[in-house]
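These are the residues of each chain, in order.
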Amino acid sequence: MIEPSLIGIDRIELMQTFIRIVEAGSLSAAAARLGTSQPTISRRLQTLERLLGLKLLQRTTHVMKLTDDGERCYSHAKALVENWNRMEDDLRGATDEPRGILRVLVPHAFGQDQLIKPLKDYLGRYPKMSVEWMLNDRRPDFIVEGIDCAIQVGAVTDPSVVAILLAEVPRIVVAAPELLNDKPLPLHPDQLQDLRWLALSSFYRNEVVLNHQTSGDIHRFSIQPQLSTDSLYALRNAALAGVGVGIASTWVVSEDLAQGRLVHLTPDWHGLPLPIYLVYPHASFYPARLRAFLDIMRHAMPSLAGTQPPAQQRKNTTK
């Protein structure tokens, strides 16, 4: 028999809280993800345990561990909450307006420049949504951090996520004019090896790979960079200062090229384009807010300044 004090308790909320505790790894982390206090999370856990008549977690000062009953409860809670969300989404209809908070991790440079326009479109179309826009080039732990999705530039190697290819970022070799010391513009990669180099450590460190834009030939050579950085902006500014040659995304240097502050070296040979993915964890149900964000990004990304459709799409359109 259920205690009278437990009648009317929102069981879905209790299950959602329990899932977040398990996935976040602690009560305090779960509280931060849910935007509430640790005592509130603790009370919800105790209420769920009283409701079920089971001990779900073993806690010490430094360790939190699921009991056997807790393991089973977590499995059932995940299925229950996903089914509830799916039912709610279905009954509201496909045209129901997304609402709530979407937490998105985006690359530092790309996220504060090129991605602001599609973000504005998303918020303009769905005014009941708010977005937590986190600028960082690392790979997220979606479950622990409570992140809904990420925009990732570069290859995706994690098999536990869904990765939707949205577009590509063209890249070219650039340098300040004074770096050439009045020598002719290099036209072949062999002419680049003796120059001072900058490395963008996220994508190339000690080897440069260039692709001929007409023949498709690949040319590789080793470099010993005088400066390595994980920041695209730092690489651009170092190139502007004449520190060395670098491979940069076209969007970040287009104005510098137009104004003559940088020059495009080996114009027939480009860096390999970087793929742009929308990445999110596998699940049997995806909320409307995520599906709507994916739809806007899928349509907007290939047409942004400094991006291009993926190679396969370009081939299909030229047939």
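Residues numbered from 1 in each chain as written. Predicted model: local features only at pLDDT ≥ 70, side-chain atom pairs only at ≥ 80, totals over all residues. Heavy atoms only, no water.

**Considerations on the packing of aromatic side chains**
Ring pairs (aromatic) are described by centroid distance and by the angle formed between their planes. As enumerated under the stated definition, the model contains 5 aromatic pairs in all. Centre to centre, the rings of Tyr 122 and Tyr 126 are 5.5 Å apart; their planes meet at 65°, and the pair counts as edge-to-face. Ring geometry for Trp 197 versus Phe 221: centroids 5.9 Å apart, planes at 65°, classification edge-to-face. On the criterion of sequence distance, the pair formed by Trp 197 in the loop between strand S6 (161-175) and strand S7 (198-200) and Phe 221 in strand S9 (residues 218-222) is long-range, its members being 24 residues apart. For the pair Trp 197 and Phe 221, a shared accessibility class is recorded, and that class is buried. Three or more aromatic residues joined by ring pairs form one cluster here, namely Tyr 122, Tyr 126 and Phe 293. (Phe/Tyr/Trp six-rings, centres within 6.5 Å; stacked < 30°, edge-to-face > 60°. Helix = DSSP H or I, 4+ residues; strand = E, 2+ residues; numbered from the N terminus. Buried < 20%, exposed > 50% of the residue type's maximum accessible area, 1.4 Å probe, protein only.)

**Regarding the nonpolar core**
By size, the foremost hydrophobic cluster in this structure holds 60 residues, and its most contacted members are Leu 115, Trp 197, Tyr 204, Phe 293 and Met 301. Each residue touching Trp 197, except ones within four places of it in the same chain, is listed here: Val 173, Leu 192, Tyr 204, Val 208, Phe 221, Ile 223, Pro 225, Gln 226, Leu 227, Val 245, Gly 246 and Ile 247. (Core = buried A, V, L, I, M, F, W, Y, C linked by side-chain atoms within 4.5 Å. Contact = heavy atoms within 4.5 Å.)

**Notes on helix H1 (residues 11-24)**
With 14 residues, H1 extends 20 Å between its outermost C-alpha atoms, agreeing within 8% with the 20 Å of an ideal straight helix rising 1.5 Å per residue. All of the buried residues along H1 are Ile 12, Leu 14, Met 15, Thr 17, Phe 18, Ile 19, Ile 21, Glu 23 and Ala 24. Between a side-chain oxygen at the N-terminus of H1 and the backbone nitrogen of Ile 12 the separation is 3.2 Å; the capping residue is Asp 10. Immediately beyond the C-terminal end of H1, within one or two residues, lies Gly 25, with a positive phi of roughly 95°. (Expected span 1.5 Å × (residues − 1). Polar contact = N/O pair within 3.5 Å; in protein donor to acceptor, adjacent residues only side chain to side chain.)

**A short note on unusual backbone geometry**
Positive phi values are uncommon outside glycine, yet Asn 181 reaches one of about 50°. Here Asn 181 lies in the loop between S6 and S7. Even without a glycine there, the phi angle at Thr 266 is positive, about 35°. Within the secondary structure, Thr 266 sits in the loop between strand S12 (263-265) and strand S13 (269-281). You can call Thr 266 buried: its relative accessible area is 0%.

**Comments concerning the layout of surface pockets**
Counted as a void, the largest pocket has a volume near 1,500 Å³. If you trace the largest pocket, you find 42 residues lining it, with Arg 20, Asn 85, Asp 148, Pro 287 and Arg 289 closest to the centre. Put simply, the parts of the chain that give the lining of the largest pocket at least two residues each are H1, helix H2 (27-34), helix H4 (68-92), strand S3 (100-106), helix H7 (142-145), S13 and helix H10 (288-300). Roughly 420 Å³ of volume is contained in the second largest pocket. Along the wall of the second largest pocket there are 31 residues; nearest its centre are Pro 107, Asp 137, Val 153, Ser 202 and Phe 203. Secondary structure elements with two or more residues in the lining of the second largest pocket: S3, helix H5 (108-112), strand S5 (149-153), S6, helix H8 (232-240) and strand S11 (246-249). Among the residues forming the lining of the second largest pocket, the class breakdown is 19 nonpolar, 7 polar and 5 charged. (1 Å grid on protein atoms, 1.4 Å probe; cavity = no way out; pocket = protein on both sides within 12 Å on 5 of 7 lines; lining within 4 Å. Points joined across faces, edges and corners; volume = space filled by probe spheres on them. Nonpolar A, V, L, I, M, F, W, Y, C, P; charged D, E, K, R; others polar.)

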